[in-house]
Protein chains: 2
Amino acid sequence: MDNYISERKDGSFKFTSNQNFHFESGASINPLELVYDTYGTLNEDKSNAIVVHHALSTGSHLAATEKNTHTGWWNDMVGSGRALDTDKYFIICINNLGSCYGSSGPLTINPETSQPYGADFPDVTVEDMVRSQKMLIDFFGIKQLHAVLGGSMGAMLSVMWLVLYPDHARHLISISSCAQGYPANHANRLIQKEIIQQDADWNNGHYTNSSQLQGFKIARKHGLLTYRNWTEINERFVGKQGRESIDNYLDYNAQKFVNRFDCNCYLRLIEAMDRFDLTESGTRQLDDVFRSIKARTLVISADSDVLFTPPQQEELYEALLLAGVKVDYIEHHTNYGHDAFLVEVDEFSSYIQAFIEAV
Amino acid sequence: MDNYISERKDGSFKFTSNQNFHFESGASINPLELVYDTYGTLNEDKSNAIVVHHALSTGSHLAATEKNTHTGWWNDMVGSGRALDTDKYFIICINNLGSCYGSSGPLTINPETSQPYGADFPDVTVEDMVRSQKMLIDFFGIKQLHAVLGGSMGAMLSVMWLVLYPDHARHLISISSCAQGYPANHANRLIQKEIIQQDADWNNGHYTNSSQLQGFKIARKHGLLTYRNWTEINERFVGKQGRESIDNYLDYNAQKFVNRFDCNCYLRLIEAMDRFDLTESGTRQLDDVFRSIKARTLVISADSDVLFTPPQQEELYEALLLAGVKVDYIEHHTNYGHDAFLVEVDEFSSYIQAFIEAV
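Conventions and cut-offs
- Throughout this document, residue positions are counted from 1 along each chain, in the order its sequence is written.
- Chains carry letters from A onward and ligands carry numbers from 1 onward, assigned in written order.
- Local features in this predicted model are restricted to residues of pLDDT 70 or higher, and side-chain atom pairs are both shown and tallied only at a pLDDT of 80 or more, whereas totals for entire chains, interfaces and linings draw on every residue.
- As a rule here, side-chain values come from all non-hydrogen atoms in the structure, and water together with hydrogens is ignored.
- Contacts between residues were defined by any pair of non-hydrogen atoms, one from each residue, lying within 4.5 Å.
- Two parts placed together each lose some accessible area under a 1.4 Å probe, and adding up what both lose gives the buried area.
- Basic side-chain nitrogens of Lys or Arg form a salt bridge, by our definition, when they fall within 4 Å of a carboxyl oxygen of Asp or Glu.
- In protein, a polar contact requires one atom able to donate a hydrogen and another able to accept it; more generally it is a pair of N or O atoms within 3.5 Å, and residues adjacent in sequence count only if both atoms are side-chain atoms.
- Strands are runs of DSSP state E lasting at least two residues, helices are runs of H or I lasting at least four, and both sets are numbered from the N terminus onward.
- Under this grouping Gly is polar, as are all residues other than the nonpolar Ala, Val, Leu, Ile, Met, Phe, Trp, Tyr, Cys and Pro and the charged Asp, Glu, Lys and Arg.
- A pair of aromatic rings is counted whenever rings of Phe, Tyr or Trp (Trp by its six-membered ring) have centres within 6.5 Å, and the orientation is called stacked for planes under 30 degrees apart, edge-to-face for over 60 and tilted otherwise.
- The cut-offs for exposure are 20% and 50% of the maximum accessible area for each residue type, with area from a 1.4 Å probe on protein chains only; residues under the lower value are buried, those over the upper are exposed, and the others partly exposed.
- Interaxial angle, 0 to 180 degrees, is taken between N-to-C directions of lines fitted to C-alpha atoms, where a helix line uses only the stretch in contact.
- When an angle is under 35 degrees it counts as roughly parallel; over 145 it counts as roughly antiparallel; between 65 and 115 it counts as roughly perpendicular; any other value is oblique.
- Each crossing gets its hand from how the near helix is turned against the far one by less than a right angle, where anticlockwise is left-handed and clockwise is right-handed.
- Think of a 1 Å grid over the protein atoms and nothing else: a 1.4 Å probe that fits but is trapped marks a cavity, an open set flanked by protein within 12 Å on at least five of seven lines marks a pocket, and residues with an atom within 4 Å of a point count as lining.
- Grid points are joined across faces, edges and corners, and a volume is the space filled by probe spheres set on the points.
- Start and end points for every domain follow an automatic or database-based domain assignment.

A.B. asks: Could you give me a rundown of the interface of chain A and chain B, with the residues and numbers involved?
C.D. replies: Interfaces are often described in size by the accessible area the parts lose on coming together. Counting residues at the interface gives 39 residues for chain A and 39 residues for chain B. Contact between chain A and chain B buries roughly 3500 Å² in total, counting both sides, with carbon and sulfur atoms accounting for 65%. The largest contributions to the chain A side of the interface with chain B come from Q198, W230 and R243 of chain A, which together make up 22% of the buried area. The interface formed by chain A and chain B contains 4 salt bridges. For K221 of chain A, the salt bridge identified is with E194 of chain B, shortest N-O distance 2.9 Å. Run the count over chain A and chain B and you get 11 residue pairs in polar contact (both at pLDDT 80 or more). At the level of elements, α3 (183-198), α4 (214-227), α5 (230-236) and α6 (242-260) of chain A are the ones that each hand at least two residues to the side of chain A that touches chain B. At 10 residues, the largest contribution of residues to the side of chain A that touches chain B is made by α3 of chain A. Its residues assigned to classes, the side of chain A that touches chain B comprises 18 nonpolar, 13 polar and 8 charged.

A.B. asks: Could you give an account of the packing of aromatic side chains, with specific residues and numbers?
C.D. replies: By the definition in use, this model includes 38 aromatic pairs over all chains. With a centroid separation of 5.7 Å and an interplanar angle of 90 degrees, the aromatic rings of F23 of chain B and F121 of chain B are classed as edge-to-face. Here the residue F23 of chain B occupies a position in the loop between β3 (21-22) and β4 (28-29), and F121 of chain B occupies one in the loop between β11 (115-116) and α1 (126-140), the gap between them amounting to 98 residues. Plain terms: the ring middles of W74 of chain B and F341 of chain B are 6.1 Å apart, the flat faces sit at 90 degrees to each other, and that makes the pair edge-to-face. Residue W74 of chain B is located in the loop between β6 (49-53) and β7 (78-79), and its partner F341 of chain B is located in helix α10 (residues 340-343); the two are separated by 267 residues in the primary sequence. Note on accessibility: W74 of chain B and F341 of chain B belong to one class, buried. Here the aromatic residues Y101, F216, F257, F261 and Y266 of chain A are joined through ring pairs into a cluster of three or more.

A.B. asks: Quick one: what's the story with the packing of α4 of chain A against α6 of chain A, residue by residue and with numbers?
C.D. replies: All names here are of chain A. For the pair α4 and α6, interaxial distance at closest approach is 9 Å and the crossing angle is 120 degrees. What the angle tells us is that α4 and α6 run oblique. As α4 packs across α6, the resulting crossing turns out to be right-handed. In contact with F216, K217, R220, K221, L224 and L225 of α4, α6 contributes I246, L250, D251, N253, A254, Q255, F257 and V258.

A.B. asks: Describe the layout of surface pockets, with residues and values.
C.D. replies: Here the largest pocket defines a volume of roughly 1200 Å³. What lines the largest pocket is a set of 46 residues, and nearest its centre among them are S57, T58, W73, R220 and R260 of chain B. Each residue belonging to the lining of the largest pocket can be placed in one class, and the counts come to 17 nonpolar, 19 polar and 10 charged. Residue-level mapping places the lining of the largest pocket at the junction of two domains, with at least three residues from each of domain 1 (3-182 + 278-357) and domain 2 (184-274) of chain B. Its volume calculated, the second largest pocket comes out at about 790 Å³. Mapped onto the lining of the second largest pocket, the elements with two or more residues apiece are α3, α4, α6, α7 (263-275) and α10 (340-343) of chain A. Residue contributions to the lining of the second largest pocket reach at least three from each of two domains, namely domain 1 (3-182 + 278-357) and domain 2 (184-274) of chain A.

Printed below as a string of structure tokens:
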């Protein structure tokens with residue numbers, strides 16, 4: 001069989017393709033594996049599917065299920081009567097290519113060496129991720145999604161989906177994302193990469209234990225500070241124990257992250273974000289890129305987001321508008337910065353539900 | 001002689017004290033040396049002196065002179081007819097204790113070993129810096145300053161001056177500073193320290209060449225990104241070469257900095273800022289700390305400053321107000337973030353001139 005699906009112990013699934021998967025870089029892997037979770041039931045005419053794209057640090061586990069009772073990364077967004085209503089929709093969340101939660105990536109065994117690819121795993125782009133996921137959706141026989149949506153890096157995939165397959169979804173929601181990385185995004189990723197690469201234990205990606213890489217841990221602390229607005233951080237850690245508390249907060253969360261994430265995967269993914277540029281280095285106009293999109297679209301920005309700043313959201317919105325695409329814009333007022341969509345799930349549920357339910 | 005002054009080739013001066021100088025930590029050094037520059041002439045009754053406190057990365061060279069034609073860090077602020085008017089005032093700028101521009105610090109030769117103190121130089125506090133500078137001002141025979149002012153870390157010294165010597169200046173201006181570091185300040189310094197200390201070449205401060213420390217350079221890149229608002233960075237580096245431009249900008253400026261600054265000095269100074277807390281870990285009220293201040297005071301904040309955020313400026317202002325001190329507040333509107341006072345010198349000249357000239 002070229003393509004097949006198997007169920008995993010935790011109730012998630014693995015899609016395997018034994019055709020060569022070609023990356024934009026020219027490299028290829030075989031097999032390609034994608035791990036995904038589904039919630040709800042695909043209806044008979046296969047018209048009720050929604051693809052949710054996860055961000056940098058999470059995976060396909062959106063919400064707790066009977067077989068996997070761990071709280072999902074958007075747990076309260078998904079379920080009977082919730083915004084992503086499992087009574088109506090068939091929700092699919094696929095672990096991104098290059099990540100470390102089951103899909104092909106640096107942790108995958110390279111069949112040629114019987115060792116993990118590690119630092120030798122090909123460079124990945126957002127387009128690579130989307131093309132790989134489309135293979136699975138085609139395998140399901142789904143001709144058009146009800147919606148495709150995501151936050152942060154996830155929304156890069158959602159937008160790219162419609163750029164590559166303009167007629168393939170009826171709704172698109174981009175949350176706290178962009179049409180291209182801006183210089184400050186790039187600079188922050190550059191610093192994180194340099195912190196990681198300067199660590200002698202990183203050893204050009206040929207390290208022995210990702211969870212013990214001090215550079216990786218410091219880079220994650222740096223990342224954590226960009227996901228929130230500093231005003232919120234100051235308010236949260238106020239008081240005489242504030243300095244100690246934030247030390248502990250950063251140390252605890254950065255260690256927790258490096259315990260569960262792989263450093264080479266992290267580098268592949270932040271590099272993919274760094275390459276994401278729908279203008280292709282300014283050689284094409286965004287409105288030209290979007291002109292064929294048939295979906296109704298919604299751009300949501302968080303006004304205190306210092307990472308994917310409101311001007312980046314406005315650029316995306318205005319290009320969609322100029323392209324003649326149906327587009328709405330919500331500027332969400334929050335103190336939680338880039339993380340708002342993961343924290344204020346009630347508000348984002350309202351935005352999403354109202355949009356995907358409207359006829 | 002216990003205390004004496006010598007002129008240096010570049011027109012700056014060195015104050016030497018052969019008494020033991022005791023740090024808050026309990027450590028002491030002997031001699032204590034302070035390098036300083038002066039502009040204008042001290043009048044007969046010694047009533048026209050202004051102390052300007054420099055920030056983290058600069059020194060005593062405020063403005064170009066005949067003997068030292070290099071542009072100073074506040075070049076257009078100082079001179080005949082300018083805000084710090086050399087026709088009227090005697091301007092003194094002293095290199096902070098612990099820094100690397102001539103005053104006692106890690107680069108100073110330890111007389112006991114005939115080697116630079118390096119990592120063995122005592123921990124420094126803002127109070128240590130101010131007490132050392134007060135010795136020089138006393139040596140001049142100046143009983144009361146016309147004004148004491150500074151930006152960023154410099155203003156920590158200016159405010160501390162009045163906390164220690166409440167009747168010793170007629171005007172105080174604090175620009176883009178605070179009464180205490182907030183958690184996000186601390187977290188950013190923590191990350192910089194960890195980046196530096198993780199570098200094997202740092203070698204617990206016993207490195208061979210500060211300018212070749214990659215960790216120090218990366219830490220400076222991190223710092224550079226906090227001195228500006230990311231919106232400004234995005235606008236400045238806009239366009240298809242934006243990513244490459246910001247790489248080059250950070251690389252060039254971070255290398256330039258590590259070529260001219262010493263890593264142990266940098267650590268001493270950021271640690272001093274980190275310890276600056278006029279509430280003494282919440283054990284005293286700011287308004288009690290300020291109650292004896294006799295000066296007219298002015299707090300200037302930059303509205304896009306993400307490092308010393310407006311709430312920190314407001315805390316300082318409100319405590320002064322509550323303490324019954326005469327205080328004004330200017331919220332400067334700018335895109336330049338924390339660096340605004342170094343960039344928009346015309347506007348800051350107006351603020352300063354109007355304030356120190358008023359009767």
